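As a plain string of letters, each chain reads:
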Amino acid sequence: MPYALCFLLFIIGLYCAVVKKNMVKIVIGIMVMEYSVNLFLVMLGFRTGGTAPIIGRDDIVTGGTLTELFINSSVDPLPQALVLTAIVISLGSLALMISICIRTYEKYGTFDITRIRRLKG
Amino acid sequence: MSVPLPVFVAVPLVTAFLLPIFGKKGKSAATFLANIATIALLVLAIASIGQSNVYKIGKWPIPLGINLVYDGLSSLMLLVISVVSAAAMFFSIRYMEQYTAKAKYLSLFLLMVAGMNGVVLSGDIFNLFVFLEIASLSSYALVGFGCQHEELEASFKYMVLGSIASVFILFGVALVYGNTGSLNMAYISQAIQKSGLNAGLGFALGLFITGFGLKAALVPFHAWLPDAHPSAPAPISAMLSGVLIKALGVYTLARVLFNVFGVTIPIGWILVVLGILSMVAGAFLAIGQWDFKRLLAYSSISQLGYITLGIGLGALIIARAGKDITAEQLAWASLAILGGLFHLANHAVYKSLLFLTSGSVEMATGTRQLKHLGGLAEKMPVTRATCTVASASIAGIPPFSGFWSKLILVIAAIQAGFYWVAAIIVFVSLCTLIMYLKVQRYVFLGELPENLQQTKENKGSMLVAMVFLACLCVLMGLLLVPGLRETILTPAVNVLTGGYSYSADVIKAAGGM
């Protein structure tokens, strides 16, 4: 169920990016898509009732191996690292997109992409 | 000689961050440093031909750590990237004098090179995404570099489609991780070999084809390319059309389809159909263009179709034969892929040369409308000569390089029994000839307009870069000579025809679990 909602969010973002005519709304649509993918990545590592994947003193059995409880209950930390990276990248692209929007507005005086049409053919 | 692999990413990355320090006063120092960096990369790429190794970042064993893989295909791509970037960078010395903020331009240029080198070396699918984003983000900024009406519009269009493609790819990466539990391409490939494709992986495959197809501007996804490539400054157009769409689109597509997911008959057909659509549609749209650079951009789509078609034919032959592939079938598949990859290298050289000559014409005359040009043959002899060499090459006139790669593709298509494909290849080649005759006729022949009487040939670095690439156009045919072929092209082909053996090779070389 959460996966379906996440996919719904992705579709909403895609719809917004493809259909809307305002440049800022298109940017928002793309960002909604990116966040839905981030959400999906976080959910991949999620476990109901899981614990943080930090090895404490109680988690090590003699001999250096981890306890069964730790292995079965800790969440997967890798997707969280991926999401952090993805968020930084999407921040960079968001900044660039918004600055291009502002420069375009200065030149054309509008955000409407149907009126920003000098390139044809 | 063994070159440590992170150098290919570190050199341009570090230089890129050093350059903005120079500011306005140290412009010549910044230019010098940037050129040193690209030439050093070219030397390193040539020096490391023939080695194959796996570098584990931070000495973490795979699949725990991130690894860089250098094999035949990466070697070919690295070589192409560094040749074109060295030429384009040298061309920029003089050409970029007309823009302000040259240091920032050089810095973005090197960031793009760092991203592309990272993409072709990465052995980890999430890292591939990160490097792909580095290269794409800097290319969005470079397309809008002039900050004029058209450039901003093109940059926005490119950026929206590029970002959607990136999100698709990231979604695919997430699905692959969820289904196989690994991000290392070798281990993903192993997991897929064991369990086969399930629904999630199939969806991820679709997302990858769409995402990388958008980056490669294959025909249903091509809308951004004819706007974005002409709007950038000429050396950047050369980089974008010459290598960026190949490193980010075709290379990644080939790597993911052949080495990670494994080729199947539907995938082979998808590649062949995308390739033929791009070839035909790109050529038809190019003939009608009156803007010099826009014509070149449409022709890029068409030429990219050839590359995809070659790779797709190879995939189709391998997938049809299945497990018990005969030596003869493998030979034809290798020939088709060889044609595709050789065309990739050739196209990088002559299309970047064509974009550089268009920049030279635009700088000398101030226009790139074919109807306003004419009769420049005597005024700009070097530009004319190099442009003719490149046009002859792209149209497939022997003995220039383009002829050989197209010939190989035709032979492979006929041997595989696809006679209609061979016919289409020849037909599109004819269309290409027509569009470049048009360029020659309207730019260099005919009458010289009144306002262009004072036109002078450009000097210095621009000429050197163009002549360098023109010499390569003539000499590239030599890559097929036995001896040279075994060092550069054959290893690249073997990586793709080997398919799943990629994962075994990487794991063995890395000493993994």
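Each remark here, short or long, concerns the structure printed above.
What you see is a predicted model, and the numbers here were worked out from it, not measured in a lab.

So what about the nonpolar core? Which residues, and what values?
Considering soluble globular proteins, one finds that nonpolar side chains tend to be buried as a cluster. Residue and element names in this part refer to chain B. Within the largest apolar cluster, 231 residues are counted, with the highest numbers of intra-cluster contacts made by Met116 and Leu341. Tallying contributions element by element places helix H10 (residues 234-261) first for this core, with 19 residues. With residues up to four places along the chain from it excluded, the contact list for leucine 341 reads Leu73, Leu76, Ile311, Ala492, Val493 and Leu496.

Residue-level account of the packing of aromatic side chains, with values.
Between two aromatic rings, the relevant description is the distance of the centres plus the angle of the planes. By the definition in use, this model includes 23 aromatic pairs over all chains. Between tyrosine 140 of chain B and tyrosine 158 of chain B, the aromatic rings sit 5.0 Å apart at their centres with planes inclined by 85°, giving edge-to-face as the arrangement. Here tyrosine 140 of chain B, found in helix H5 (residues 125-143), pairs with tyrosine 158 of chain B, found in helix H6 (residues 149-180); they are 18 residues apart in sequence, far enough to count as distant. Per residue, the accessibility class of tyrosine 140 of chain B equals that of tyrosine 158 of chain B, and both read buried. Among the aromatic residues, those joined into a cluster by ring pairs are Tyr3, Phe7, Phe10 and Phe40 of chain A together with Phe168, Phe171 and Phe203 of chain B. Here the guanidinium or amino end of lysine 438 of chain B rests over the ring plane of tryptophan 290 of chain B, the centre of that ring lying 4.0 Å away. One cation-aromatic arrangement involves arginine 441 of chain B over tyrosine 442 of chain B; the distance from NZ or CZ to the ring centre is 4.8 Å.

Explain the interface of chain A and chain B residue by residue, including any values.
Contacts between chain A and chain B engage 39 residues on the former and 34 residues on the latter. Summing both sides of the interface, chain A and chain B together bury roughly 3,300 Å²; the carbon and sulfur share of this comes to 79%. Along the contact surface separating chain A from chain B lie 5 residue pairs in polar contact (both at pLDDT 80 or more). Secondary structure elements with two or more residues in the side of chain A that touches chain B: helix H1 (2-19), helix H2 (23-44) and helix H4 (78-108) of chain A.

Thresholds, definitions, all that
What you see as residue numbers is a count from 1 along each chain, following the sequence as written. Following the order in which they are written, the chains are lettered starting with A and the ligands numbered starting with 1. Owing to the predicted nature of the model, reporting of local features is limited to residues with pLDDT of at least 70; listing and counting of side-chain atom pairs is limited to 80 or more, with chain, interface and lining totals taken over all residues. In computing side-chain values, all of the structure's heavy atoms are included and hydrogens and water are not. Put simply, a nonpolar core is a bunch of buried Ala, Val, Leu, Ile, Met, Phe, Trp, Tyr and Cys residues held in one set by side-chain atoms that sit within 4.5 Å of each other. Each residue gets one of three labels from its accessible area relative to the maximum for its type: buried under 20%, exposed over 50%, partly exposed in between, using a 1.4 Å probe on protein chains only. Each helix is a run of H or I in the DSSP string that is no shorter than four residues. Each strand is a run of E no shorter than two, and both are numbered from the N terminus. Here a residue-residue contact requires only that any non-hydrogen atoms of the pair lie within 4.5 Å. Put simply, two rings from Phe, Tyr or Trp (the six-membered ring, in Trp's case) pair if the centres are within 6.5 Å, and we call them stacked under 30 degrees between planes, edge-to-face over 60, tilted for the rest. Only Lys NZ and Arg CZ are tested; either one counts as a charge over a ring when it is within 6 Å of the ring centre and within 35 degrees of the ring normal. Here the quantity called buried area is the accessible surface, traced with a 1.4 Å probe, that two parts lose on coming together, added over both. Within 3.5 Å is the distance limit for a polar contact, defined as a pair of N or O atoms, with the added protein rule that one can donate a hydrogen and the other accept it, and that residues adjacent in sequence qualify only through two side-chain atoms.

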